[in-house]
Amino acid sequence: MTTLGLSTHDLLTTTRAVRKRLDFDRPVDDDLIRECLEYAVQAPTGSNSQGWRFLVVTDEEKKAGLADLYRRGWDRYTTMAGNVGHVAESAPDQRAAQQLRVLGSASYLAENMHRVPAMLIPCLPGRIDSSTMGATSTLASIIPSTWSFMLAARERGLGTCWTTIHLMFEQEASELLGIPYESFSQVALITIGHTIGTDFKPAVRDGGAAAVTSWNEWS
């Protein structure tokens, strides 16, 4: 498959959450998704367990069903405290403008979710432990593997976005997709599509890593 030839620096700094620049009208070849998944299963895993499962969704009716669940969840999310719109209300002007752009982008994706060419549902065996250590230990395998998939997709001209809104209705999604709800937990819904242009740029992060990093003790 043709790749963009990105440097490691460019790959790691320009793999964005792509919403408005997804090409809804261009199908994604199944083999391209399979190729990206081969990178996903090379990721490090907790206890070398490799309990991950991935469900690729390209069927139009199933995508429409997931999109309906997503929109229902999005409508609920936008009324919740702490959503991206509420954060913008109390943020400085520049930060507020950025948050409002994210809100507009996320709303656009919710409206067009049914048009996304492909979706990826990462799953883990069992129901995720509600304790902090249990949950983080469980997720320590699926998150790196899914991020590897997303990096591989970026290198191949695909845009992805990690979403979790549909998990408000996870059991309904499990019924739609035939996932045994008691045996497997869905972790996310990754949207996949070719991007409109490939010229993504690094994000603006206030203060960079130094602003959020402490050494040896919290400060």
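In case you missed it, the structure is sitting above this.
Rules of the game
- Residues numbered from 1 in each chain as written.
- Predicted model: local features only at pLDDT ≥ 70, side-chain atom pairs only at ≥ 80, totals over all residues.
- Heavy atoms only, no water.
- Helix = DSSP H or I, 4+ residues; strand = E, 2+ residues; numbered from the N terminus.
- Buried < 20%, exposed > 50% of the residue type's maximum accessible area, 1.4 Å probe, protein only.
- Lys, Arg positive; Asp, Glu negative; His and termini not counted.
- Salt bridge = Lys/Arg side-chain N within 4 Å of Asp/Glu carboxyl O.
- Polar contact = N/O pair within 3.5 Å; in protein donor to acceptor, adjacent residues only side chain to side chain.
- Contact = heavy atoms within 4.5 Å.
- 1 Å grid on protein atoms, 1.4 Å probe; cavity = no way out; pocket = protein on both sides within 12 Å on 5 of 7 lines; lining within 4 Å.
- Points joined across faces, edges and corners; volume = space filled by probe spheres on them.
- Nonpolar A, V, L, I, M, F, W, Y, C, P; charged D, E, K, R; others polar.
- Axes fitted to C-alpha atoms, helices over the stretch in contact; angles between N-to-C directions.
- Parallel < 35°, antiparallel > 145°, perpendicular 65-115°, else oblique.

Turning our attention to the side chain of Glu155. With respect to the helices, strands and loops of the structure, Glu155 is situated in helix 6 (residues 132-155). Although Glu155 lies buried, it forms no salt bridge, and the closest oppositely charged side chain, Arg156, sits 5.9 Å away as judged by the N-O distance. Polar contacts involving the side chain of Glu155 include one to the side chain of Thr3, which spans 3.4 Å. When sequence neighbours within four positions are dropped, the list of residues in contact with Glu155 reads Thr3, Leu4, Gly5, Leu6 and Leu11.

This part covers the layout of surface pockets. Computed from the structure, the second largest pocket encloses a volume of approximately 230 Å³. If you go around the second largest pocket, you meet 13 residues; those closest to its centre are Arg19, Tyr70, Trp74, Tyr77 and Ala106. Contributions of two or more residues to the lining of the second largest pocket are made by helix 3 (60-77), helix 5 (93-112) and strand 3 (158-163). Along the lines of polarity and charge, the residues of the lining of the second largest pocket split into 10 nonpolar, two polar and one charged.

The interhelical angle for the contact between helix 3 and helix 7 (residues 170-177), taken along N-to-C directions, is 175°, at an axis separation of 10 Å. In terms of their interaxial angle, helix 3 and helix 7 are classed as roughly antiparallel. Contact with helix 3, carried on its side by Lys62, Gly65, Leu66, Leu69 and Arg72, involves Glu172, Ala173, Leu176 and Leu177 of helix 7 and no other residues of that element. Grouping the constituent residues of the contact of helix 3 with helix 7 by class yields five nonpolar, one polar and three charged.

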